[in-house]
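Each chain, letter by letter, is given below.
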Amino acid sequence: MRHLTSLGLALLAPLPALAQTTPVAPIVKGTALPPPGTEEVAVLAPINGIFAAIASRDGQAAMPFVRPEGRATATGNKPDGTPVVNSRSWADFAAGLTAGPERYEERMPAPAIEVDGDIAMAWGDYVFLIDGKVAHCGVNHFDLVRESGAWKVLNVTWSRRTTGCPGQ
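For the chain, the helix and strand inventory stands at four helices and seven strands. The linear arrangement of helices and strands in the chain, starting from the amino end, is α-α-α-β-β-α-β-β-β-β-β. The proportion of buried residues among the 168 residues of the chain is 29%. A separation of at least 24 residues holds for 53% of the contacts in the chain among residues at least 6 apart in sequence. Roughly 10,600 Å² of accessible area belongs to the chain as shown, and the carbon and sulfur atoms make up 61% of that amount.

So, in C-alpha coordinates, the structure goes:
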(Lines give C-alpha, C1' and ligand atoms only; values in the text may rest on other atoms or scores of the structure.)
Protein backbone atom coordinates (compact mmCIF):
# COMPACT_ATOMS: atom_id res chain seq x y z
CA MET A 1 0.00 0.00 0.00
CA ARG A 2 2.85 2.37 0.86
CA HIS A 3 4.34 1.72 -2.60
CA LEU A 4 1.03 2.60 -4.30
CA THR A 5 0.71 5.81 -2.27
CA SER A 6 4.26 6.84 -3.17
CA LEU A 7 3.63 6.02 -6.82
CA GLY A 8 0.36 8.02 -6.76
CA LEU A 9 2.08 11.05 -5.23
CA ALA A 10 4.92 10.81 -7.73
CA LEU A 11 2.44 10.81 -10.61
CA LEU A 12 0.47 13.75 -9.19
CA ALA A 13 3.51 15.87 -8.29
CA PRO A 14 3.89 17.42 -11.78
CA LEU A 15 0.22 18.50 -11.98
CA PRO A 16 0.59 21.87 -10.18
CA ALA A 17 3.52 22.74 -12.43
CA LEU A 18 1.49 21.85 -15.51
CA ALA A 19 -1.41 24.01 -14.31
CA GLN A 20 0.93 26.97 -13.93
CA THR A 21 2.50 26.69 -17.37
CA THR A 22 -0.62 26.49 -19.51
CA PRO A 23 0.17 28.75 -22.47
CA VAL A 24 -2.08 31.73 -23.00
CA ALA A 25 -1.90 33.62 -26.26
CA PRO A 26 -0.83 37.23 -25.60
CA ILE A 27 -2.82 40.13 -26.95
CA VAL A 28 -1.32 40.96 -30.31
CA LYS A 29 0.43 44.33 -30.15
CA GLY A 30 -0.88 46.88 -32.60
CA THR A 31 -4.25 45.19 -33.05
CA ALA A 32 -6.77 47.83 -34.02
CA LEU A 33 -9.60 48.07 -31.54
CA PRO A 34 -13.09 49.31 -32.34
CA PRO A 35 -13.99 52.76 -31.08
CA PRO A 36 -15.26 52.59 -27.50
CA GLY A 37 -19.00 52.31 -26.99
CA THR A 38 -20.96 53.97 -24.19
CA GLU A 39 -19.93 51.42 -21.56
CA GLU A 40 -16.25 51.63 -22.50
CA VAL A 41 -16.35 55.43 -22.38
CA ALA A 42 -17.81 55.19 -18.86
CA VAL A 43 -15.00 52.79 -17.83
CA LEU A 44 -12.38 55.19 -19.21
CA ALA A 45 -13.83 58.20 -17.34
CA PRO A 46 -12.11 57.54 -13.97
CA ILE A 47 -8.87 56.55 -15.73
CA ASN A 48 -8.92 59.85 -17.61
CA GLY A 49 -9.69 61.57 -14.30
CA ILE A 50 -6.52 60.08 -12.80
CA PHE A 51 -4.53 61.14 -15.87
CA ALA A 52 -5.93 64.68 -15.47
CA ALA A 53 -4.87 64.67 -11.79
CA ILE A 54 -1.38 63.60 -12.87
CA ALA A 55 -1.29 66.40 -15.47
CA SER A 56 -2.38 68.98 -12.89
CA ARG A 57 0.02 67.42 -10.34
CA ASP A 58 -2.81 67.34 -7.82
CA GLY A 59 -2.96 64.01 -6.02
CA GLN A 60 -6.18 64.84 -4.21
CA ALA A 61 -7.89 65.35 -7.57
CA ALA A 62 -7.35 61.61 -8.26
CA MET A 63 -9.11 60.42 -5.11
CA PRO A 64 -12.74 60.73 -6.31
CA PHE A 65 -11.92 58.24 -9.10
CA VAL A 66 -10.53 55.44 -6.92
CA ARG A 67 -11.61 53.02 -4.20
CA PRO A 68 -9.45 54.02 -1.20
CA GLU A 69 -8.60 50.41 -0.27
CA GLY A 70 -7.01 49.82 -3.69
CA ARG A 71 -3.36 49.97 -4.73
CA ALA A 72 -1.08 51.55 -7.31
CA THR A 73 1.71 49.12 -8.20
CA ALA A 74 4.68 49.64 -10.52
CA THR A 75 7.09 47.03 -11.78
CA GLY A 76 10.44 47.69 -13.37
CA ASN A 77 14.16 47.30 -12.91
CA LYS A 78 16.76 49.12 -10.85
CA PRO A 79 19.72 50.57 -12.78
CA ASP A 80 21.67 47.36 -12.06
CA GLY A 81 18.88 45.28 -13.68
CA THR A 82 17.41 43.95 -10.44
CA PRO A 83 13.61 43.61 -10.73
CA VAL A 84 11.59 45.77 -8.36
CA VAL A 85 7.91 46.01 -7.42
CA ASN A 86 6.69 49.18 -5.74
CA SER A 87 3.13 49.07 -4.38
CA ARG A 88 1.41 51.85 -2.46
CA SER A 89 -2.04 52.85 -1.31
CA TRP A 90 -4.01 55.43 -3.22
CA ALA A 91 -3.47 57.85 -0.34
CA ASP A 92 0.31 57.42 -0.69
CA PHE A 93 0.04 57.74 -4.48
CA ALA A 94 -1.89 61.00 -4.06
CA ALA A 95 0.58 62.32 -1.47
CA GLY A 96 3.45 61.72 -3.91
CA LEU A 97 1.79 63.71 -6.69
CA THR A 98 2.62 67.28 -5.79
CA ALA A 99 3.01 70.59 -7.59
CA GLY A 100 6.26 71.26 -9.40
CA PRO A 101 7.71 73.04 -12.40
CA GLU A 102 7.65 70.07 -14.80
CA ARG A 103 4.60 69.28 -16.95
CA TYR A 104 3.42 65.67 -16.62
CA GLU A 105 1.32 63.85 -19.18
CA GLU A 106 0.33 60.20 -19.41
CA ARG A 107 -1.16 58.74 -22.59
CA MET A 108 -2.77 55.35 -23.12
CA PRO A 109 -3.90 55.67 -26.73
CA ALA A 110 -5.62 52.34 -27.45
CA PRO A 111 -6.72 50.50 -24.30
CA ALA A 112 -8.40 47.11 -24.45
CA ILE A 113 -11.52 47.17 -22.27
CA GLU A 114 -13.48 44.23 -20.90
CA VAL A 115 -16.69 44.62 -18.89
CA ASP A 116 -18.62 41.94 -17.02
CA GLY A 117 -21.47 43.31 -14.94
CA ASP A 118 -19.99 45.58 -12.30
CA ILE A 119 -16.33 44.77 -12.92
CA ALA A 120 -14.12 46.00 -15.73
CA MET A 121 -10.55 45.85 -16.88
CA ALA A 122 -8.68 48.29 -19.09
CA TRP A 123 -5.16 47.68 -20.23
CA GLY A 124 -2.82 48.94 -22.88
CA ASP A 125 0.46 50.53 -23.77
CA TYR A 126 1.15 53.90 -22.22
CA VAL A 127 3.78 56.60 -22.46
CA PHE A 128 4.64 59.08 -19.70
CA LEU A 129 6.01 62.48 -20.71
CA ILE A 130 7.74 65.16 -18.68
CA ASP A 131 7.80 68.57 -20.34
CA GLY A 132 6.73 66.91 -23.59
CA LYS A 133 9.62 64.41 -23.65
CA VAL A 134 9.21 60.68 -23.14
CA ALA A 135 10.34 59.76 -19.61
CA HIS A 136 9.18 56.13 -19.57
CA CYS A 137 6.61 53.77 -21.00
CA GLY A 138 5.13 50.33 -20.51
CA VAL A 139 1.73 48.72 -20.05
CA ASN A 140 -1.04 49.88 -17.69
CA HIS A 141 -3.57 47.47 -16.22
CA PHE A 142 -6.55 49.01 -14.43
CA ASP A 143 -9.20 47.00 -12.64
CA LEU A 144 -12.41 48.81 -11.85
CA VAL A 145 -15.67 48.25 -10.01
CA ARG A 146 -19.00 49.96 -10.54
CA GLU A 147 -20.82 51.23 -7.49
CA SER A 148 -23.99 53.29 -7.48
CA GLY A 149 -23.73 53.51 -11.26
CA ALA A 150 -20.21 55.01 -11.29
CA TRP A 151 -16.94 53.29 -12.20
CA LYS A 152 -14.05 53.53 -9.72
CA VAL A 153 -10.49 52.31 -10.16
CA LEU A 154 -9.71 49.70 -7.54
CA ASN A 155 -6.13 48.94 -8.61
CA VAL A 156 -3.67 49.93 -11.28
CA THR A 157 -0.52 47.98 -12.07
CA TRP A 158 2.00 49.09 -14.64
CA SER A 159 5.31 48.07 -16.09
CA ARG A 160 7.94 50.74 -16.44
CA ARG A 161 10.86 50.96 -18.84
CA THR A 162 12.97 53.78 -20.21
CA THR A 163 14.00 52.20 -23.52
CA GLY A 164 12.01 51.18 -26.56
CA CYS A 165 9.32 53.78 -25.93
CA PRO A 166 7.35 55.39 -28.76
CA GLY A 167 8.76 58.78 -29.66
CA GLN A 168 12.26 58.16 -28.35
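All right, on to the confidence of the model for the chain then. Averaged over every residue, the pLDDT of the chain is 85; residues scoring 70 or more account for 79%. Every residue in residues 1-22 is under pLDDT 50, and counting partners more than four places away or in other chains gives zero contacts.

Here strand E5 (residues 119-130) pairs with strand E6 (residues 133-147) via twelve bridges, running antiparallel. By the bridge assignment for E6, Met 121 is matched with Asp 143. Linking E5 back to E6 in an antiparallel pair, the connection comprises two residues, with Asp 131 at a positive phi of about 50 degrees. By the bridge criterion, eight bridges tie E6 to strand E7 (residues 150-159) in an arrangement that is antiparallel.

Going through the model one piece at a time under the given rule, you end up with three aromatic pairs. Look at Phe 51 and Phe 142: their rings are 6.1 Å apart centre to centre, the planes differ by 70 degrees, and that puts the pair in the edge-to-face class. Taken together, the residues Phe 51 in helix H3 (residues 38-56) and Phe 142 in strand E6 connect sequence positions 91 residues apart. The pair formed by Phe 51 and Phe 142 is uniform in burial state, with each residue classed as buried. We note Arg 57 situated over the ring of Tyr 104; from NZ or CZ to the ring centre the distance is 3.9 Å.

For the rest of this paragraph, the subject is the environment of Asp 92. Here Asp 92 lies in helix H4 (residues 90-96). Here Asp 92 falls in the partly exposed class, since its relative accessible area comes to 48%. For Asp 92 and Gly 59, which are 33 residues apart along the polypeptide, the C-alpha to C-alpha distance reads 9.1 Å.

This part is about the nonpolar core. Core analysis: the largest hydrophobic core is formed by 26 residues, its most contacted members being Ile 47, Ile 50, Ile 54, Trp 90, Phe 142, Leu 144 and Val 153. Elements with a minimum of two residues in this core: H3, strand E1 (66-77), H4, E5, E6 and E7. Broken down by element, the residue count for this core peaks at seven residues, all from H3. Residues within four places of Ile 50 in sequence aside, it is in contact with Ala 62, Phe 65, Val 66, Trp 90 and Val 153.

Calculation notes
Residues numbered from 1 in each chain as written. Predicted model: local features only at pLDDT ≥ 70, side-chain atom pairs only at ≥ 80, totals over all residues. Heavy atoms only, no water. Helix = DSSP H or I, 4+ residues; strand = E, 2+ residues; numbered from the N terminus. Buried < 20%, exposed > 50% of the residue type's maximum accessible area, 1.4 Å probe, protein only. Contact = heavy atoms within 4.5 Å. Areas by Shrake-Rupley, 256 points an atom, 1.4 Å probe, with all protein chains shown as cover. pLDDT = per-residue confidence, 0-100. Pairing = 2+ DSSP bridges. Phe/Tyr/Trp six-rings, centres within 6.5 Å; stacked < 30°, edge-to-face > 60°. Lys NZ or Arg CZ within 6 Å of the ring centre and 35° of its normal. Core = buried A, V, L, I, M, F, W, Y, C linked by side-chain atoms within 4.5 Å.

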